[in-house]
Structure formats: structure tokens, C-alpha cells
2 protein chains.
Amino acid sequence: MSELVEEGIVASTGLIAHGRGEAFDYLLGERTIPPAEKAEKVMAAYLLEAKMPVITVNGNSAALVAKDLIALSDLIPTKLEVNLFHRSEERVEKICRLLEAAGAREVLGRKPDAKLEGVASDRAYCTKNGIFSADVVLMPLEDGDRAEALVKAGKKVMAIDLNPLSRSSKAATVAVVDEITRAVPNIIRAAEILKDKPEERRELIGHFNNQTNLKEVKKFICQLLVD
Amino acid sequence: MSELVEEGIVASTGLIAHGRGEAFDYLLGERTIPPAEKAEKVMAAYLLEAKMPVITVNGNSAALVAKDLIALSDLIPTKLEVNLFHRSEERVEKICRLLEAAGAREVLGRKPDAKLEGVASDRAYCTKNGIFSADVVLMPLEDGDRAEALVKAGKKVMAIDLNPLSRSSKAATVAVVDEITRAVPNIIRAAEILKDKPEERRELIGHFNNQTNLKEVKKFICQLLVD
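Scope of this entry: the structure provided in the associated data block. (Residues numbered from 1 in each chain as written. Chains lettered and ligands numbered in written order. Predicted model: local features only at pLDDT ≥ 70, side-chain atom pairs only at ≥ 80, totals over all residues. Heavy atoms only, no water.)

### Side note on the relation of the copies chain A and chain B
- Rotating chain A by 180° about the axis while translating it 0.0 Å along that axis superimposes it on chain B, leaving an RMSD of 0.0 Å. The transformation just described matches what one would write down for a two-fold rotation axis. (Least-squares fit on C-alpha atoms with pLDDT ≥ 70 in both.)

Written out as C-alpha cells, the structure reads:
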């Protein structure tokens, strides 16, 4: 990660965020715990059921799982859009190029032409054909502001966030509390299985409650702490 | 913190470590919990009882609490020594100067002339008149390797570490699980009170068990998580 700061892909505040993630992952025993696995399946189901799903990519997620996010985007299929908390033309361009070099056919975000309401950071800027029109948005490593704004805008929000107490996790339709390099491959595997099973997908969605699932996550963390 | 990376005080990996701390502090409710307050008192007692106490300073602790560490060092009194995980002459010099500009009279560490056994990182290098001869070492924001090595070398290790599961916390004689900008002022206040109370100091030391106290910390985190 540190090298990617020098290359301009990851913001230096992105390193602090990465460290926060490391601590929470440590508390999960650095593994996919059962409630996360469940959320990953439900997330795959939401993405497959969506009319217009979009995956939003930032510096950290591009640095960590560019190839897997592209593979997931091809499989569902979804659009890919770059939105940055600390936006500069140069960083957007670098991250778009990193994704294209990793095999992405089309990357939105270079020229935002829409703005989300209720987001103070540069992540408010998005594209009409992308995030702005999406019904389901997968947001790995997100900030609470935008998660809440997207939910308010009527979208189904799929968060990947190691902090079960964060505003993103709580606001999300589905929060996967798992490390991103484990989570995305797990979502891909689940999507492969659910691809031709629409009934099973709807059942998964119907039975899922994000708040209940987050409680399960917190129970797991406590068990590991106290044992 | 990010600006201090550019100035060469904080290593970019130090930002990741800072993020890990933020996550654990979040789980404490960003406050000094009672078992941390207890450990802070015991730590003050150990420092006051020591024959040759040394405070070891790294980039992150210099960035966050230089003045408070110097005030504590003056009060006890203790020596101050700079030891870096990622050592370069230039970074050592910058951190020594930062401490001197903040009021430190003498800072050891520019010319290490001793080496701790069992430490793989550059933090093995220390000074004969400092860490190497110390009986009590206060190490804010430490790595497990050195904490264990110092305990093996027969020293009393005073750790300030937000992760109650870390090797430093577990190896330490006293582990304060508290954010450093709260912890150091708390230790100063405790030392002021205990300065003329040798009996009370020995009683505090005699009644303290680090493992038991860490269990209390973990219980507090769980309560906050599950509530």
C-alpha cells in the first residue's frame, strides 16, 4: 500500500483508513466469519437482480482488488465508476488507467455530470449514466456520508466495510464485514452459483436483515476478544 | 498526521499503524476506560520507583505527544531516547530536533552504541547509557518484538498500546490501553500525585496484574460492541 501512495493511487489518508481496516480484521481473526459469508451471498443476489448495478471504485479498492472487481463487473454485469473522496483530475485518471490496464472495458468517472445530494466530499460528483441512475450500488471501503446519501436517493447500497459500527455498515442494505480481498472473490463465487437461480436469489434477499446480521458480526468479535 | 509524513517525521507505514489505533480507540468509545486509568496510575508508580527509567520515542509518538512526553520525562525524571523501526540518520535527526525544539534538554539515540538481542528491526539499536541500561522503559506505540526483547532483558516494560490483543500489550509489565494523547497527560497527573507517596506507589505495583487488567479492557470493548 505504501508504494501506491507514492504512485498517486492511494491518498495518504487512505493509509490511515487501511490501518483502521487492519485492526477490525484482526478482531475477526483475519477470516470470513459466517455472518459475512451470508451477507456476501445476499449481495451477489442483489447485484444479479439489479436493473442497473454499478460498482464504485476508489484508490484503496483499486490498489487492493482491481482485477477481482473487474471480474465481478463482467460476471454480473455491472458498470464501473471511479469516485474519490479526495478528487483530483490526475488521481481519477491514474485510477481509471489502472483499472483499464487490469482489463476493464469501460470506466466511468473521468467526467462527472451529476451530483449526489447530502455528500460534503468530492464523492458527491458522479455520472448520470452511472451511479446517478443506478438501482444497486456496490461500494467497497466507503464513507458513511455517501452510503447514507445513496440510501436516501432510493438506491440499494451494498457496503464492504470491516467496521460493523460504521455509518456505512449501518446505513447499507447489505453490509459485508469482511476484508475486501476475501470478500470480492467470495461474492464472485456466490454470483456464479446464483447466476441461473432467480428464485434462490429472491429468497436470500427476502430473508436478510442487515441489522440482525451486524449483531451476529459483533457477537463473533466479542467471542474472539473474550476467549 | 499526513503532513508529518511529508516532513519525514512519520513513516508512511506509521499512518497505517495510526489507523489501526483509531479503530481500537473507536471500540473504547474514544475515552479512557477504568482499567486504562488504573494502568496509568501503576505506570506512574513504576516510573517513579525506577532507578533508571527511559522513555523511548518514535516518529508517531513525537508527532502526537512530544511536549507531554518531555513534561513526563522532566517530572519523573527519565531519559529520552529515539529508536525507530525504519531507521535513517535523517529521520532520527529530524525527530531529535523536533523533541529539542519542543523543550527536551537531552535526547539520546543519534549514535546508538548497543544492540538489543532478539529484535529484527532497526529498533534493536540503542544506547548504552539509555535503553540498554534502563530498568524501566516506557514505550508508547511499540512493536511486539522489542517489547518481548526488553522483558527478556529483565526490564520492566510500560506499554501504551490501543490493541489489547497485541504482543506488546501481553508482554508488557503494564499495558495502558488508551489513546496516547489521553494516556500521557493521565500518567503525568498520576505521577504528580504519587511523587511523594512511595508507599502508595508500591501498593499500586504490588496489586497490579497486567493479564487481569487486559481482561477487564476486553470486557469493556465487548459491552460497547454488543449494547
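### Remarks on the sheet that holds strand E2 (residues 79–82) of chain B
Residues and elements named next belong to chain B.
- A sheet is described by the order of its strands in space; here five strands give the open sequence E2-E1-E5-E6-E7, paired in parallel fashion. Edge positions in the sheet fall to E2 and strand E7 (174–176), since each has one partner strand and no second. Recorded for the sheet is a direction-independent mean angle of 20° between the axes of neighbouring strands.
- Pairing of strand E6 (residues 156–160) with E7, which is carried by three bridges, proceeds in the parallel orientation. (Pairing = 2+ DSSP bridges. Helix = DSSP H or I, 4+ residues; strand = E, 2+ residues; numbered from the N terminus. Axes fitted to C-alpha atoms, helices over the stretch in contact; angles between N-to-C directions.)

### Remarks on the interface of chain A and chain B
- With 22 residues of chain A at the contact, the number on the chain B side is 22 residues.
- Interface area, chain A with chain B, both sides summed: about 2,000 Å², of which 75% is carbon and sulfur.
- For the interface between chain A and chain B, the tally reads two salt bridges.
- The closest approach of N and O atoms between A:Glu22 and B:Arg20, which form a salt bridge, is 2.5 Å.
- At the boundary of chain A and chain B, one finds six residue pairs in polar contact (both at pLDDT 80 or more).
- Among the secondary structure elements, those contributing two or more residues to the side of chain A that touches chain B are helix H2 (12–27) and helix H10 (210–226) of chain A.
- The greatest single-element share of the side of chain A that touches chain B, amounting to twelve residues, is contributed by H2(A). (Contact = heavy atoms within 4.5 Å. Buried area = accessible area lost by both parts, 1.4 Å probe. Salt bridge = Lys/Arg side-chain N within 4 Å of Asp/Glu carboxyl O. Polar contact = N/O pair within 3.5 Å; in protein donor to acceptor, adjacent residues only side chain to side chain.)

### With respect to the sheet that holds strand E7 (residues 174–176) of chain A
All names here are of chain A.
- Read from one edge of the open sheet, five strands run E2-E1-E5-E6-E7, paired in parallel fashion. Two strands close off the open sheet at either side, each with one partner strand: strand E2 (79–82) and E7. Recorded for the sheet is a direction-independent mean angle of 20° between the axes of neighbouring strands.
- Contacting strand E1 (53–57), E2 and strand E5 (136–140), helix H4 (residues 59–75) crosses the sheet at an angle of about 165° to E1.

Note that every value here comes from positions in space, so none of it alone points to a role or purpose.
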